Amino acid sequence: SQTIHQWPATLVQPVGSPLSLECTVEGTSNPNLYWYRQAAGRGLQLLFYSVGIGQISSEVPQNLSASRPQDRQFILSSKKLLLSDSGFYLCAWSQRQVRGPQHFGDGTRLSIL
Amino acid sequence: LAKTTQPISMDSYEGQEVNITCSHNNIATNDYITWYQQFPSQGPRFIIQGYKTKVTNEVASLFIPADRKSSTLSLPRVSLSDTAVYYCLVGDRGRGNTGKLIFGQGTTLQVKP
């Protein structure tokens, strides 16, 4: 069966520090991968999605970037964090060839101080 | 991408059937309707997906009228553990294989003893 892993589960970072969140998927090949952010009490906002290695599409202008160095690895990064980057970050995957839903990881709670 | 409208919150009691209706007046021909459940500090979990008429699985049923401008998620005999936020999403699972989805604020379901 397929599984998705995100780490860390929680992270506290000072303003101006760099960020690297990692997401990996097991049990499937060539997945579509997604990064979402969820503000407190709000719905999910799509940040990036990827349909293949090195292929990244950005949905909103922001202080963050994403990379996909391997087929089942998706990384969310920032060179200098802002207070507004605080939130709950979720990674998700979906099968590319078969029409199916997205499956989410357990998320990373990021707090910027 | 079609916009969805659903109630902000609903209350129910254990053992009752809960029906959450979602409006999606601008649904396109290729769009599917998907429902997710989210508990605090967890990623959304796929519940059910459908295109038309009725879909049923082990946890819920999804009713879609002929015009597809709305859909109803039905949860039979809810328990306290069904207290969560429920999201209705509409999207084309096949166009460009990107699978992009737009999450709204969802419906917060509170199940009382």
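Enquirer: Is there a simple way to explain the state of the cysteines in this structure?
Expert: Joining two cysteines, a disulfide is a covalent bond between their sulfur atoms. Residue and element names in this part refer to chain A. Following the criterion strictly, the structure yields 2 disulfides over all chains and no others. One disulfide in the model links Cys-23 with Cys-91; its S-S distance is 2.0 Å. The S-S bond linking Cys-23 to Cys-91 shows a torsion near -75°; that makes this disulfide left-handed. Pair noted here: Cys-23 is in strand β3 (residues 19-26) and Cys-91 is in strand β9 (residues 87-94), with a separation of 68 residues, a long-range link.

Enquirer: Where do I start with the sheet that holds strand β2 (residues 18-23) of chain B in this structure?
Expert: Remark on secondary structure: sheet strands pair via backbone hydrogen bonds, oriented parallel or antiparallel. Residue and element names in this part refer to chain B. Across the sheet, 4 strands lie side by side as β2-β7-β6-β5; this open sheet has antiparallel pairing. Two strands lie at the open edges of the sheet, namely β2 and β5 (53-56), each paired on one side alone. On average, each strand axis in the sheet is tilted by 15° relative to the strand beside it, whichever way the strands run. By the bridge criterion, 3 bridges tie strand β6 (residues 61-64) to strand β7 (residues 70-75) in an arrangement that is antiparallel. Along β7, the bridge assignment pairs Leu-62 with Leu-73.

Enquirer: What is the right way to look at the interface of chain A and chain B in this model?
Expert: Interface size is commonly expressed as the accessible area that is lost once the parts come together. On the side of chain B, 21 residues touch chain A, which itself brings 23 residues to the contact. When the two sides are added together, the surface that chain A and chain B hide from each other amounts to roughly 1700 Å², 51% of it contributed by carbon and sulfur. If you look at where chain A meets chain B, you find 0 salt bridges. Where chain A meets chain B, there are 4 residue pairs in polar contact (both at pLDDT 80 or more). Elements represented by at least two residues in the side of chain A that touches chain B include exactly β4 (32-38), β5 (44-52) and β9 of chain A. Within the side of chain A that touches chain B, the residues separate by chemical class into 10 nonpolar, 7 polar and 6 charged.

Enquirer: Just checking my understanding: could you explain the environment of Arg-42 of chain A for this structure?
Expert: Within the fold, Arg-42 of chain A resides in the loop between β4 and β5. With sequence-adjacent residues up to four places away left out, Arg-42 of chain A is seen in contact with Tyr-87 and Gln-105 of chain B.

Enquirer: Is there a simple way to think about unusual backbone geometry in this case?
Expert: Among all residues save glycine, negative phi is the norm, and among peptide bonds the norm is trans. The residue after Trp-7 of chain A, namely Pro-8 of chain A, is reached through a cis peptide bond having omega -5°. Even without a glycine there, the phi angle at Asn-30 of chain A is positive, about 55°. Structurally, Asn-30 of chain A can be placed in the loop between β3 and β4. Not every positive phi belongs to a glycine, and Ser-41 of chain B is a case in point at roughly 60°. Position of Ser-41 of chain B among the secondary structure elements: in the loop between β3 (31-38) and β4 (45-50).

What counts, and where the lines are drawn
- Residues numbered from 1 in each chain as written.
- Chains lettered and ligands numbered in written order.
- Predicted model: local features only at pLDDT ≥ 70, side-chain atom pairs only at ≥ 80, totals over all residues.
- Heavy atoms only, no water.
- Disulfide = S-S within 2.5 Å.
- Helix = DSSP H or I, 4+ residues; strand = E, 2+ residues; numbered from the N terminus.
- Pairing = 2+ DSSP bridges.
- Axes fitted to C-alpha atoms, helices over the stretch in contact; angles between N-to-C directions.
- Contact = heavy atoms within 4.5 Å.
- Buried area = accessible area lost by both parts, 1.4 Å probe.
- Salt bridge = Lys/Arg side-chain N within 4 Å of Asp/Glu carboxyl O.
- Polar contact = N/O pair within 3.5 Å; in protein donor to acceptor, adjacent residues only side chain to side chain.
- Nonpolar A, V, L, I, M, F, W, Y, C, P; charged D, E, K, R; others polar.

What is shown is where atoms sit, not what they do.
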